[in-house]
Amino acid sequence: MRPARQQAGQPPTAPHGRGLLPHPAAGDCPLDDVMLTSQTYHDHGHRAPAETLSLTYEDRFLRRKVLTCLSGVKVLVDLPKTTSLDHGGVLVTTTGEEVAIVAADEPLLEVRGDLVRLAWHVGNRHTPCQLGSARLLIQRDAVMADMLTRLGAEVRDVVEPFTPEGGAYGMGRTHSHSHGHSHEEHDHAHS
């Protein structure tokens, strides 16, 4: 059911008490009538999330974009700079709700063998890599698969969430992913 159009001179409505505002052209636009807005990212949540976004590794690197939550609710992400959204992080809406970030399943290569040597070759090519005790995961790439096979690796296609290691010195992909608040602002412990 679509919310009623806003009457001239009346404040926007918030259906379901969720701080959602009708789209300015409700009924006349292909976008849904309501949308959350987020201008803040934290690398961890502080409360139960109101919504969940399931995003691939590439989709988790953004500054401004409209995304669709698992429930179908849309979120306008409008961050101050391009940010790497990590699995387990949250977008904080303008109404204070949190939207959980979950790594989506995506096509990957599972790499097994002499992991130290293979990881060196993957890293030497600046390829994002998820490190495990018995395997590496990288994005599917025929050239990388061929190179790793020639180096003696066992390589197979898998479909899983991808959460590769961040860059050196805690700098994420190419940008710092500080979440812009100090832990003195709220009273809970972090592990």
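Everything numeric here is computed off the predicted structure, so don't read it as measured data. (Residues numbered from 1 in each chain as written. Predicted model: local features only at pLDDT ≥ 70, side-chain atom pairs only at ≥ 80, totals over all residues. Heavy atoms only, no water.)

Caption draft 1: View of the pairing of strand E8 (residues 105–112). Of the strand pairs in this sheet, E8 and strand E11 (residues 154–161) are connected by eight bridges, and their pairing is antiparallel. Paired with arginine 112 across the bridge in E11 is glutamate 154. Sheet topology places E8 next to strand E10 (residues 136–139); four bridges connect them, and they run antiparallel. Bridging across to E10, leucine 109 finds its partner in isoleucine 138. (Pairing = 2+ DSSP bridges. Helix = DSSP H or I, 4+ residues; strand = E, 2+ residues; numbered from the N terminus.)

Caption draft 2: Up close: unusual backbone geometry. Even without being a glycine, histidine 126 presents a positive backbone phi close to 50 degrees. Residue classification places histidine 126 among the exposed positions, given a relative accessible area of 73%. (Buried < 20%, exposed > 50% of the residue type's maximum accessible area, 1.4 Å probe, protein only.)

Caption draft 3: Main features of helix H1 (residues 115–124). Every buried residue belonging to H1 is among Leu115, Leu118, His121 and Val122, and all of these are buried. Down the axis of H1, the buried side of the element spans an arc of 130 degrees, and every buried residue falls inside it. Exposed and oriented more than 90 degrees from the buried face of H1 are Val116 and Trp120. Looking at the buried positions of H1, the neighbouring elements they touch are E8, E10 and helix H2 (142–150). Once H1 finishes, histidine 126 follows within two positions and takes phi at roughly 50 degrees, a positive value. (Arc of directions from axis to C-beta. Contact = heavy atoms within 4.5 Å.)

Caption draft 4: Region of the structure containing H2. Within H2, the full set of buried residues consists of Met144, Ala145, Met147 and Leu148. Axial view of H2: buried residues confined to an arc of 165 degrees, hence all on one face. Pointing more than 90 degrees away from the buried face of H2 are the exposed residues Ala142, Val143 and Arg150. The inward-facing, buried residues of H2 abut E8, H1, E10 and E11. At the N-terminal end of H2, a side-chain oxygen is found 2.9 Å from the backbone nitrogen of valine 143, two or three residues along, and the residue is aspartate 141. (Polar contact = N/O pair within 3.5 Å; in protein donor to acceptor, adjacent residues only side chain to side chain.)

Caption draft 5: Representation of the side chain of threonine 83 in the model. Turning to its location among the elements, threonine 83 is positioned in strand E5 (residues 74–84). Given a relative accessible area of 10%, threonine 83 falls into the buried group. From its side chain, threonine 83 meets the backbone oxygen of lysine 81 in a polar contact 2.8 Å long.

Caption draft 6: The sheet that holds E11, seen in detail. Strands sit in the order E9-E10-E8-E11 across an open sheet of four strands; the sheet is antiparallel. What marks the edges here is a single partner per strand, and that holds for strand E9 (130–131) and E11. In this structure, E9 lies alongside E10, joined through two bridges in antiparallel fashion. By the bridge assignment, glutamine 130 is partnered in E10 with leucine 137. Lying on the sheet, H2 is in contact with E8, E10 and E11; it crosses E11 at an angle near 135 degrees. (Axes fitted to C-alpha atoms, helices over the stretch in contact; angles between N-to-C directions.)

Caption draft 7: The pattern of salt bridges, seen in detail. Scanning the entire structure with this criterion turns up nine salt bridges. Measuring nitrogen to oxygen at the nearest pair gives 2.7 Å for the salt bridge that ties glutamate 110 to arginine 156. Of the two residues, glutamate 110 is situated in strand E8 and arginine 156 in strand E11; the sequence distance between them amounts to 46 residues. The exposure class assigned to arginine 156 is partly exposed, which follows from its relative accessible area of 48%. Residues aspartate 157 and arginine 140 are paired through a salt bridge, measuring 3.6 Å at the closest nitrogen-oxygen approach. One end of the pair, aspartate 157, is in strand E11; the other, arginine 140, is in the loop between E10 and H2, and 17 residues separate them in sequence. Judged by its relative accessible area of 48%, aspartate 157 is partly exposed. Given a relative accessible area of 38%, arginine 140 falls into the partly exposed group. Because the salt bridges share partners, they merge into one network encompassing Glu110, Arg112, Arg135, Arg156 and Glu160. (Salt bridge = Lys/Arg side-chain N within 4 Å of Asp/Glu carboxyl O.)

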